[in-house]
Amino acid sequence: MTPPPPPFRFTRGKDDVAFDPAFGDDELIAARAALAQGRWAEVRALLARTGSDWDLRGHRLVVLGEGKSASVWAHEWQLAEPESPDAAALTAVAAVFRAAAGKQNADSAREACLRAARMSPGDPTPWLGLLILARRTGTDDEQVRAFDQVRGRHRGHHHGHHLMTQCLAERQKTDGDDPFHEVYEFAEWAAGEAGGGSPLTLLPMVALIERYRVLAAAGSLPAAPNNLPYWTSSRARTSVRAAFDWWLDWEGGNHPRLSLDLNYLAFGKFHSGDTVAAAALFNRIGSQVTRIPWAYPDRDPKKAFRAARNYALGFGSS
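Residues numbered from 1 in each chain as written. Predicted model: local features only at pLDDT ≥ 70, side-chain atom pairs only at ≥ 80, totals over all residues. Heavy atoms only, no water.

**A few points about helix α4 (residues 70-80)**
- Restricting attention to buried positions, one finds in α4 the residues A70, A74, W77 and Q78. For α4, the buried positions fall inside an angular range of 100 degrees around the axis, keeping them on one side. Away from its buried face by more than 90 degrees, α4 exposes V72 and L79.
- Buried residues along α4 sit against α1 (26-36), α2 (40-50), α3 (54-65) and α5 (85-100). (Buried < 20%, exposed > 50% of the residue type's maximum accessible area, 1.4 Å probe, protein only. Helix = DSSP H or I, 4+ residues; strand = E, 2+ residues; numbered from the N terminus. Arc of directions from axis to C-beta. Contact = heavy atoms within 4.5 Å.)

Take a look at the structure:
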């Protein structure tokens, strides 16, 4: 796992927002570049080193599988080594993203995931592929079934829990009885099950932000800045504060998807009006910016991130 990045030095006018889903994983970045040139042996070595760190394995396979030529070279690898679970997993994940883009039949992508799952029964990654596929092309029930399989293999699966939170947040498009929405119950339960040392401690805040996305898109919240009551509610204050406290106290090293958590946390702190904490988070994030949640609700994520960062750091508008 890569070490934490050095302190960020913000330079105005520099295009420092890259949205690279590798999140600074240098080994992954090198393997992705090699795969784009057809050198799948470097991916094989990377996945062998990754082992059964399921969060890291899932993260790396998703980033590799999203590559434009990943499907071609994964298929070549699988032909060369038909018994390789890693080749089967990469083929499956690449098929998922092709199906999500309308370039491949969803049923064939689903079968590729099931084939990979049979080859490595303990690996949650093929089921993560099915969960991503269900998020793009399937039903709520398919998402729940895939998530259950992911969680059955890794109870603290970071990506799987985030996807399930997004799914549940979308189940009710209007405000209704929103303080008691099922996504909050799920997030609090999952965070409690994971324990205080897990990044899933942030899940109640993630649920808050995902509900914000859904409600704002449905017109159930007033446009900014008049939606401040949403961010200053008791639930918002509690979940954002708990997430920030977790970050201050966490000693778990550099989780492969930590950049995503910090972007969610900066988003929550900024929208709740705590620009001092947001500024510290922006400095920690540096150039490892994620499209989600800055694209919420239906915004240009680069412009939204820069505007929030500039305001928090006292640079004015971008």
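**Observations regarding the layout of surface pockets**
- The volume enclosed by the largest pocket comes to roughly 790 Å³.
- What lines the largest pocket is a set of 27 residues, among which E66, R136, H159, R257 and I292 lie closest to the centre.
- Among the secondary structure elements, those contributing two or more residues to the lining of the largest pocket are α3, α7 (125-137), α9 (158-169), α14 (258-271) and α16 (291-294).
- In terms of residues, the lining of the largest pocket owes the most to one element, α9, which gives four residues.
- Within the lining of the largest pocket, the residues separate by chemical class into 13 nonpolar, five polar and nine charged. (1 Å grid on protein atoms, 1.4 Å probe; cavity = no way out; pocket = protein on both sides within 12 Å on 5 of 7 lines; lining within 4 Å. Points joined across faces, edges and corners; volume = space filled by probe spheres on them. Nonpolar A, V, L, I, M, F, W, Y, C, P; charged D, E, K, R; others polar.)

**Here we look at the nonpolar core**
- In terms of nonpolar packing, the biggest core is built from 93 residues, with V43, L90, M205, Y230, F282 and W294 touching the most fellow members.
- With eleven residues, α5 is the largest single contributor of residues to this core. (Core = buried A, V, L, I, M, F, W, Y, C linked by side-chain atoms within 4.5 Å.)

**Let's talk about the state of the cysteines**
- Across all of its chains, the model carries zero disulfides by this definition.
- Of all cysteine sulfurs in the structure, the one in C167 sits closest to C113, which takes part in no disulfide; the separation is 17 Å. (Disulfide = S-S within 2.5 Å.)

**What to know about the confidence of the model for the protein chain**
- The share of residues in the protein chain with pLDDT of 70 or more is 91%, and the mean pLDDT across the chain is 91.
- Segment residues 1-13: pLDDT under 50, and 29 contacts once partners within four positions in sequence are set aside and those in other chains are kept. (pLDDT = per-residue confidence, 0-100.)

**Section: the side chain of Q166**
- Within the secondary structure layout, Q166 lies in helix α9.
- Looking at Q166, the relative accessible area reads 11%, which means it is buried.
- Once residues lying within four places of it in the same chain are set aside, the contact partners of Q166 are R135, E210, R213, Y264, I292 and Y296.

**With respect to the packing of aromatic side chains**
- Tallying each qualifying case throughout the model produces 15 aromatic pairs.
- Aromatic side chains F267 and W294 sit 5.3 Å apart centroid to centroid with 70 degrees between the ring planes, which places their arrangement in the edge-to-face category. One end of the pair, F267, is in helix α14; the other, W294, is in helix α16, with 27 residues separating them in the sequence.
- Judged by its relative accessible area of 1%, F267 falls in the buried class.
- Where W294 meets F305, the ring centres are 5.3 Å apart and the plane angle is 80 degrees; that geometry is what we call edge-to-face. Note that W294 is positioned in helix α16 and F305 in helix α17 (residues 301-312), a separation of eleven residues in sequence. F305 shares its class with W294; the two are buried.
- Joined through ring pairs, the aromatic side chains of Y212, Y230, W231, F267, F282, W294 and F305 make up one cluster.
- Seen from the ring of Y184, R235 lies directly overhead, with NZ or CZ sitting 4.0 Å from the centre.
- Note that K269 overlies the ring of F244, its terminal NZ or CZ placed 4.7 Å from the centroid. (Phe/Tyr/Trp six-rings, centres within 6.5 Å; stacked < 30°, edge-to-face > 60°. Lys NZ or Arg CZ within 6 Å of the ring centre and 35° of its normal.)

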